[in-house]
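Okay, here's what each chain looks like letter by letter:
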Amino acid sequence: MNRTYLKLTLDLDFILIAITAPLKDYVLCHKINTRLNTQFEKIDDHEIFFNIDEPAWSFSKYYFFVEQGEVEYYLISNRSSDGLLVPEMGNVDFFIIIKEFIDKEDLNYLINGLNKLPDIQVAAKIDPTKLKSKENLVI
């Protein structure tokens, strides 16, 4: 009998920025919108099912779309009442996921702008392929 194998690969074609900031999600979002002239808006929570028998874990999520270049930005909390979205990044409070192409100059502007906010301790680009829980970041 022939066996057929299904090989799944994750779509990790995005830029990931990790943010450490001891703020509520809506406060951080407001500060980013004010400082960087973005327009992040609250959307449905990012839900992850860790076990089939248990309810999904919800993580707050914000969305911003730039028509020029069709770039999508997501601001997702790493923390919920249930636990961490990416457990190996326990010191990170939020992630920004950037889908579609963004040039290096715009990325540096974003990271530098985030790091200039007084309430943000650090914002840095992370390689999502090196994370153990990378599947939790797929939107």
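Before any of the text, the structure's been laid out above.
The following refers to the structure shown. (Residues numbered from 1 in each chain as written. Predicted model: local features only at pLDDT ≥ 70, side-chain atom pairs only at ≥ 80, totals over all residues. Heavy atoms only, no water.)

## Re the overall build of the chain
Note the following rule: Secondary structure is summarised from DSSP: a helix means a run of H or I of at least four residues, a strand means a run of E of at least two, and numbering begins at the N terminus for each. Buried, partly exposed and exposed residues are distinguished by accessible area as a fraction of the type maximum, computed with a 1.4 Å probe on protein chains only: under 20%, between the cut-offs, and over 50%, respectively. Pairs of residues are marked as contacts when any of their non-hydrogen atoms sit within 4.5 Å. Areas reported as accessible are Shrake-Rupley estimates using a 1.4 Å probe. Residue values count occlusion only from the protein chains shown. Under the convention used here, Asp and Glu are negative, Lys and Arg are positive, and both His and the chain ends fall outside the count. Where a charge lies is defined by one atom per residue type, namely NZ (Lys), CZ (Arg), CG (Asp) and CD (Glu).
Counting secondary structure elements, the chain contains two helices and six strands. The N-to-C order of helical and strand elements in the chain reads β-α-β-β-β-β-α-β. Seen through its C-alpha atoms, the chain measures out along the principal axes to roughly 60 × 35 × 25 Å. Among the 139 residues that make up the chain, the fraction classed as buried is 42%. When contacts within the chain are restricted to residue pairs at least 6 apart in sequence, long-range pairs at least 24 apart make up 60% of them. Here the chain displays about 9,000 Å² of accessible surface, and carbon together with sulfur accounts for 49% of that area. Charge separation in the chain, taken as the distance between the mean sites of 15 positive and 22 negative side-chain charges, equals 7 Å.

## Considering a negative patch on the surface
Just so we agree on the cut-off: The patch calculation keeps residues exceeding 30% relative accessible area without a salt bridge and links them within 9 Å when they carry like charges or within 5 Å when they are nonpolar (Val, Leu, Ile, Met, Phe, Trp, Tyr). Put simply, a salt bridge is a Lys or Arg side-chain nitrogen that is within 4 Å of an Asp or Glu carboxyl oxygen.
A cluster of acidic side chains, namely D13, E67, E70 and E100, defines a negative patch on the protein surface. Topologically, D13 is positioned in the segment before β1 (14-20).

## Looking at the packing of helix α1 (residues 25-36) against helix α2 (residues 104-116)
Using the following cut-off: Here an angle of 0 to 180 degrees is reported between the N-to-C directions of two axes, which are lines fitted to C-alpha atoms, with helices fitted over the stretch in contact. Throughout, the term roughly parallel applies to angles under 35 degrees, roughly antiparallel to angles over 145, roughly perpendicular to angles from 65 to 115, and oblique to all others. For any pair of crossing helices, the crossing counts as left-handed if the nearer helix is rotated counterclockwise from the farther one by less than a right angle, and right-handed if it is rotated clockwise. Note on residue classes: Ala, Val, Leu, Ile, Met, Phe, Trp, Tyr, Cys and Pro are nonpolar, Asp, Glu, Lys and Arg are charged, and everything else, Gly too, is polar.
One way to put it is that α1 packs onto α2 with a least axis distance of 10 Å and a crossing angle of 120°. With respect to α2, the element α1 is oriented oblique. α2 is crossed by α1, and the crossing has right-handed handedness. Seen from α1, the contacting residues are I32, R35 and L36; seen from α2, they are Y109, L110, G113, L114 and K116. Across the contact of α1 with α2, the residue classes break down as five nonpolar, one polar and two charged.

## Things to note about the sheet that holds strand β2 (residues 41-48)
For clarity, the cut-off: For two strands to be treated as a pair, DSSP must find at least two bridges joining them.
Across the sheet, which stays open at both edges, the six strands sit in the order β2-β3-β4-β5-β1-β6 with antiparallel pairing between neighbours. The sheet terminates laterally at β2 and β6 (122-126), the two strands that pair on one side only. In this sheet, adjacent strand axes meet at a mean angle of 25° when their direction is disregarded. By the bridge criterion, six bridges tie β2 to strand β3 (residues 57-66) in an arrangement that is antiparallel.

## Brief notes about the pattern of salt bridges
Oppositely charged side chains may form a pair once their charged atoms are brought near each other. Tallied over the full model, the rule gives three salt bridges. Residue K42 pairs with D45 through a salt bridge whose shortest N-O separation is 2.6 Å. On the accessibility criterion, D45 (35% relative accessible area) is partly exposed. A salt bridge links D93 to R79; its shortest N-O distance comes to 2.8 Å. Taken together, the residues D93 in the loop between β4 (71-77) and β5 (94-99) and R79 in the loop between β4 and β5 connect sequence positions 14 residues apart. Note on D93: relative accessible area 13%, which makes it buried. The partly exposed category is assigned to R79, whose relative accessible area is 36%.

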